[in-house]
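# Architecture at a glance
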Amino acid sequence: MGADAPESFLVPPRVARDLEVTYRNLGNRPESVQLGASFPANWFMTATPSSFELPVDGMVTVTVHVVIGANEPPGVTELRLDHALASGITGSTPLTVEVVAKDAVALDADGAAS
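Residues numbered from 1 in each chain as written. Predicted model: local features only at pLDDT ≥ 70, side-chain atom pairs only at ≥ 80, totals over all residues. Heavy atoms only, no water.

### Some details on the packing of aromatic side chains
All told, the structure shown has one aromatic pair when counted by the stated rule. Judged by centre distance (5.8 Å) and plane angle (40°), the ring pair of tyrosine 23 and phenylalanine 52 falls under tilted. Placement of tyrosine 23 in strand 3 (residues 16–24) and of phenylalanine 52 in strand 6 (residues 51–54) is noted, with a sequence separation of 29 residues between them. By relative accessible area, tyrosine 23 is classed as buried at 0%. Phenylalanine 52 gets classed as buried once you look at its relative accessible area, which sits at 9%. (Phe/Tyr/Trp six-rings, centres within 6.5 Å; stacked < 30°, edge-to-face > 60°. Helix = DSSP H or I, 4+ residues; strand = E, 2+ residues; numbered from the N terminus. Buried < 20%, exposed > 50% of the residue type's maximum accessible area, 1.4 Å probe, protein only.)

Written out as structure tokens, the structure is:
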């Protein structure tokens, strides 16, 4: 089984981000897949769907929802999207998060003035 995931993504504290991870069956038999997540205690992470059937040569895209803890300082943290196949094979896909102080804000210099 292979997985395509973003190399890294930026998230400020107390903000939610969704990203997609696509799983591909590179083997010669269908697989039943169960997903789990490994993340810091003050964070929140889910994967939807958390279980799925993956046919031979098939692919399934999973939406991963990540919320950073309120008091998390800036820095880099690696999360893991863990998988277990019905055939007994396990593994994980790393998701690198860079916690930033705040979201980028784009201001229009020609916008309204107060």
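### Some thoughts on the sheet that holds strand 4 (residues 31–38)
One open sheet accounts for five strands, arranged 2-9-8-4-6; its pairing is mixed. In the strand order of this sheet, the two ends are held by strand 2 (8–11) and strand 6, each with one partner. Strand-to-strand twist of the sheet, defined as the mean angle between neighbouring strand axes without regard to direction, takes the value 30°. (Pairing = 2+ DSSP bridges. Axes fitted to C-alpha atoms, helices over the stretch in contact; angles between N-to-C directions.)

### Here's the deal with the nonpolar core
With 23 residues, the main nonpolar core has Val64, Val66 and Leu95 as its most contacted residues. Those elements that provide at least two residues to this core are strand 2, strand 3, strand 4, strand 5 (44–48), strand 6, strand 7 (59–67), strand 8 (75–85) and strand 9 (90–99). Here this core takes four residues from strand 7, the largest share from any one element. Excluding residues within four positions of it along the chain, valine 66 makes contact with Phe9, Val15, Ala16, Arg17, Leu19, Trp43, Phe44, Met45 and Leu79. (Core = buried A, V, L, I, M, F, W, Y, C linked by side-chain atoms within 4.5 Å. Contact = heavy atoms within 4.5 Å.)

### A closer look at the sheet that holds strand 3
Spatially, four strands are ordered 1-3-7-5 in an open sheet, and the strand pairing comes out antiparallel. Each edge of the sheet is formed by a strand with only one pairing partner; in this case those strands are strand 1 (2–4) and strand 5. Looking at each pair of strands side by side, their axes are set apart by 25° on average, direction ignored. As paired strands, strand 1 and strand 3 are joined by three bridges and run antiparallel to one another. Counterpart to glycine 2 in the pairing with strand 3 is arginine 24.

Worth remembering: the numbers are spatial, not functional.
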